[in-house]
Amino acid sequence: MASIKSAQFLSPKFMAGDGCGTIYVDTATIAAALAVNDTIEFAIPAGAQVCGLEIDTDRLDTGAGLTFKAGYKSIAAEPTVATNDSYWGSGLTIGRTAGRTVLAGKPITFNEPVSIFLTVTAIAAGFQAGAITAVAPANCVGIR
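Note that the structure is a prediction, hence the values are computed from the model and not measured. (Residues numbered from 1 in each chain as written. Predicted model: local features only at pLDDT ≥ 70, side-chain atom pairs only at ≥ 80, totals over all residues. Heavy atoms only, no water.)

S.K.: Hey, could you run me through the sheet that holds strand S10 (residues 114-122) in this one?
M.R.: By way of backbone hydrogen bonds, the strands of a sheet pair with one another, either parallel or antiparallel. With mixed pairing, the 5 strands of this open sheet are ordered in space as S1-S3-S10-S6-S7. Every other strand in the sheet has two partners, leaving strand S1 (3-5) and strand S7 (84-92) as the edge strands with one partner each. Across the sheet, the axes of successive neighbouring strands diverge by a mean angle of 25 degrees, strand direction being ignored. Relative to S10, strand S6 (residues 67-74) runs antiparallel, the two sharing 8 bridges. By the bridge assignment, Gly71 is partnered in S10 with Phe117. (Pairing = 2+ DSSP bridges. Helix = DSSP H or I, 4+ residues; strand = E, 2+ residues; numbered from the N terminus. Axes fitted to C-alpha atoms, helices over the stretch in contact; angles between N-to-C directions.)

S.K.: Please explain the nonpolar core as it appears in this structure.
M.R.: Here is a general trend for soluble globular proteins: nonpolar side chains tend to be buried in one another's company. Counting 32 residues, the largest nonpolar core has Ile40, Phe68, Trp88 and Ile132 as the members making the most contacts within it. Considering each element in turn, this core owes the most residues, 5 residues, to strand S11 (residues 130-140). Sequence-distant contacts of Phe68, that is, excluding residues within four places in its chain, are made with Leu34, Ile40, Ser90, Gly91, Leu92, Ile94, Leu118, Thr119, Val120, Thr121 and Ile132. (Core = buried A, V, L, I, M, F, W, Y, C linked by side-chain atoms within 4.5 Å. Buried < 20%, exposed > 50% of the residue type's maximum accessible area, 1.4 Å probe, protein only. Contact = heavy atoms within 4.5 Å.)

S.K.: Can you walk me through the pattern of salt bridges in this structure?
M.R.: Pairing between side chains of opposite charge can happen when their charged atoms approach one another. A full pass over the atoms with the stated rule returns 5 salt bridges. Glu41 is the partner of Lys73 in a salt bridge, and the nearest nitrogen-oxygen pair spans 3.5 Å. Highlighted residues: Lys73 in strand S6 and Glu41 in strand S3 (residues 39-44), separated in sequence by 32 residues. Looking at Lys73, the relative accessible area reads 25%, which means it is partly exposed. Among the salt bridges present, the one from Asp56 reaches Arg100, with a minimum N-O distance of 3.4 Å. Of this pair, Asp56 sits in strand S5 (residues 53-57) while Arg100 sits in strand S8 (residues 99-103), and the two are 44 residues apart along the sequence. Asp56 gets classed as partly exposed once you look at its relative accessible area, which sits at 26%. Of the residues examined, Arg100 reaches a relative accessible area of 48% and is grouped as partly exposed. The network of salt bridges with common partners includes Lys5, Glu41 and Lys73. (Salt bridge = Lys/Arg side-chain N within 4 Å of Asp/Glu carboxyl O.)

Have a look at this one:
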C-alpha cells in the first residue's frame, strides 16, 4: 500500500482569524499505476472548517475500472479525531475522464491537522500518468 503525498503536504498552511475564508489547493502527481488501498493525501490545518471538496484530475484510466473513496484522518502527534475514510463518498469514478468532481459532505471543523485522502478501491483498466488536485474551500475558525 503506497501513500502518495501532495506537493505541498508538509508546507505550512494559511490560517487567518475567525471568519476569514480560504481555499486549500494542492496537487499530487500520479506517475505509476495505483494499487487497491493506495492513498493520495492532502493536508488541512487545525482550525479549518472545510465547507466542500472538489477533486480535479487528468485522465488516469484509459479503461473504466478506477474507483476511489474519499475521507479524512488525523495527522496530529496525539490524534483525537477518528478516521472516516469515506466521509465524502465511496465508489467515486474520479480519474476515468479528465475533469472536476464535486463531492458531497456537510461542512466539518477540524480542531487538529488532518489529511484529506483518496483511497483506491479498484484499479485502472488502463493506467495513464497524470495529476490529482484537491480544492477545499474552508472557513478559518481556529482551534476550539
